[in-house]
Amino acid sequence: MIDADLSRMLVIRAFERTLLDLYGRGLVNGTTHTCLGQEYVPVAMEGLLDPADHVFSNHRGHGHYLARFDDPEGLLAEIMGREGAVCAGVGGSQHIRRDRYLSTGVQGESLPVAAGVALHLKRAEPGRLACAYIGDGTFGEGAVYEALNLAALWALPLLVVVENNGIAQSTPTDKHLAGTIAGRAAAFGLPHELVEGADVDDIRARLAPLVSGVRAGRPAVVEFVTHRLGPHSKGDDTRPAHAVGVDWRDKYASPRLDRLEAAAVSRIEAVAADVIARPLSRWEAR
Ligand SMILES: Cc1ncc(C[n+]2csc(CCOP(=O)(O)OP(=O)(O)O)c2C)c(N)n1
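Reading the values: the criteria
- Residues numbered from 1 in each chain as written.
- Predicted model: local features only at pLDDT ≥ 70, side-chain atom pairs only at ≥ 80, totals over all residues.
- Heavy atoms only, no water.
- Helix = DSSP H or I, 4+ residues; strand = E, 2+ residues; numbered from the N terminus.
- Rg over C-alpha atoms; globule rule 2.2 N^0.38 Å.
- Buried < 20%, exposed > 50% of the residue type's maximum accessible area, 1.4 Å probe, protein only.
- Contact = heavy atoms within 4.5 Å.
- Core = buried A, V, L, I, M, F, W, Y, C linked by side-chain atoms within 4.5 Å.
- Phe/Tyr/Trp six-rings, centres within 6.5 Å; stacked < 30°, edge-to-face > 60°.
- Lys NZ or Arg CZ within 6 Å of the ring centre and 35° of its normal.
- Salt bridge = Lys/Arg side-chain N within 4 Å of Asp/Glu carboxyl O.
- Near = heavy atom within 4 Å.
- Polar contact = N/O pair within 3.5 Å; in protein donor to acceptor, adjacent residues only side chain to side chain.
- Nonpolar A, V, L, I, M, F, W, Y, C, P; charged D, E, K, R; others polar.

Draft legend 1. Representation of the overall build of the protein. The helix and strand tally for the protein stands at ten helices and nine strands. Relative to its length of 286 residues, the protein is compact, with a C-alpha radius of gyration of 18 Å against a globular reference of 19 Å. With the principal axes as the frame, the protein shows a C-alpha extent of 55 × 40 × 35 Å. Every one of the 286 residues in the protein was classed for burial, and the buried ones make up 53%. Restricting the contact set of the protein to residue pairs at least 6 apart, pairs at least 24 apart contribute 72%.

In structure tokens, the structure reads:
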């Protein structure tokens, strides 16, 4: 039986690897930020969200989109400027809008917007929430604190998901962030949950009460301690080679792989790769 979460994670990973390959071959313009190694975060979170909740994504958002929508073809078309693009090709990698999903490449831009949407939800659709993904480096933006302040003050249904991958572009977290993310949440009286494991079921079980609290007007910060296996964008990584490998067997990124037979994993991986390869070969054939 195919594990839906695992196959979703592997589709995201295949998508990101394909993109890096396409860039390497000069087939994609602009820039892109892949979430290799962080796939489990949005896959776990989507299991706690409702399609009527709002999701605000950032520059590293392909996984956030693909965990919400089963649409690798639409996203690939968007990035490559092909027919079927989810935003008619004007958004590209970082600026996607679809239903209640919105991403931005501008760090810190989304949190005040998410707080505003959370205020609307509180008034018009109680029980719904706004979930915003940010990286550790985005705590360098003042708008983040304005949003946290109002979220706490007005008891907004705002869930802030921090993907703390230990680095912001090329600056390690301990070189850009004084104190801790927990301390910053505490300064506003917000609950903070630290997630260090990568097991999707465990994560959901652990965060379910917190997410219910957010729906009831208790905003919260969830901090995932995660690892970016790929470069910041395309080839710009100053970390040692072992820190940036893209081997899917990395246990930290995909603990579920351990529980499956190698052959079953290969089958799921092949299906995931095929999902990405099919539109590409169709476009190439034209
Ligand atoms: C306002 C703003 N300043 C600078 C940038 C350039 N930039 C893009 S990503 C990035 C680092 C972001 O680090 P972090 O928030 O930790 O997220 P990660 O890339 O690790 O996922 C920077 C400086 C930007 N996109 N927006």
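Draft legend 2. Looking closely at the nonpolar core. Ranked by size, the top nonpolar core spans 54 residues in total, and within it Leu-76, Leu-159, Leu-207 and Phe-224 carry the most contacts. If you tally residues by element for this core, the top one is helix H1 (residues 4–24), at ten residues. Excluding anything up to four places from it in sequence, Leu-159 contacts Met-45, Ala-130, Cys-131, Ala-132, Val-211, Val-214, Ala-220 and Val-222. Val-117, Ala-132, Val-162 and Ala-185 belong to the second-largest nonpolar core, a separate cluster that totals 25 residues.

Draft legend 3. Up close: the packing of aromatic side chains. Under the criterion given, the structure shown has six aromatic pairs. By the ring-pair criterion, three or more aromatic residues cluster together here, those being Tyr-65, Phe-69 and Tyr-101. Lying over the aromatic face of Phe-69, Arg-98 brings its terminal NZ or CZ to 4.2 Å of the ring centre.

Draft legend 4. Here's a closer look at the pattern of salt bridges. A complete count under the given rule lists 16 salt bridges for this structure. For Arg-204, the salt bridge goes to Asp-5, with nearest N and O atoms at 3.1 Å. Separated by 199 residues along the polypeptide, Arg-204 in helix H9 (residues 200–215) and Asp-5 in helix H1 bring together distant segments of the chain. In this structure, Arg-204 and Asp-5 share a single accessibility class: buried. One salt bridge connects Asp-21 with Arg-25, and the closest N-O pair in it is separated by 3.3 Å. Classification of Asp-21 as partly exposed rests on a relative accessible area of 39%. Among the residues examined, Arg-25 registers a relative accessible area of 48% and is labelled partly exposed. Where salt bridges share partners, they join Asp-50, Arg-100, Glu-125 and Arg-128 into one cluster.

Draft legend 5. Local environment of the site of the ligand. Around the ligand, the structure places 15 residues, and the nearest of them are His-59, Arg-60, Gly-105, Gly-137 and Thr-138. With respect to the ligand, the backbone of Gly-137 contributes an N or O atom lying 2.7 Å from an oxygen atom. For the ligand, an oxygen atom lies 2.9 Å from a polar atom in the side chain of Asn-165. Counted by class, the shell around the ligand contains three nonpolar, nine polar and three charged residues.

Draft legend 6. Molecular detail of the side chain of Gln-94. Position of Gln-94 among the secondary structure elements: in the loop between helix H4 (72–80) and strand S2 (97–98). Given a relative accessible area of 16%, Gln-94 falls into the buried group.

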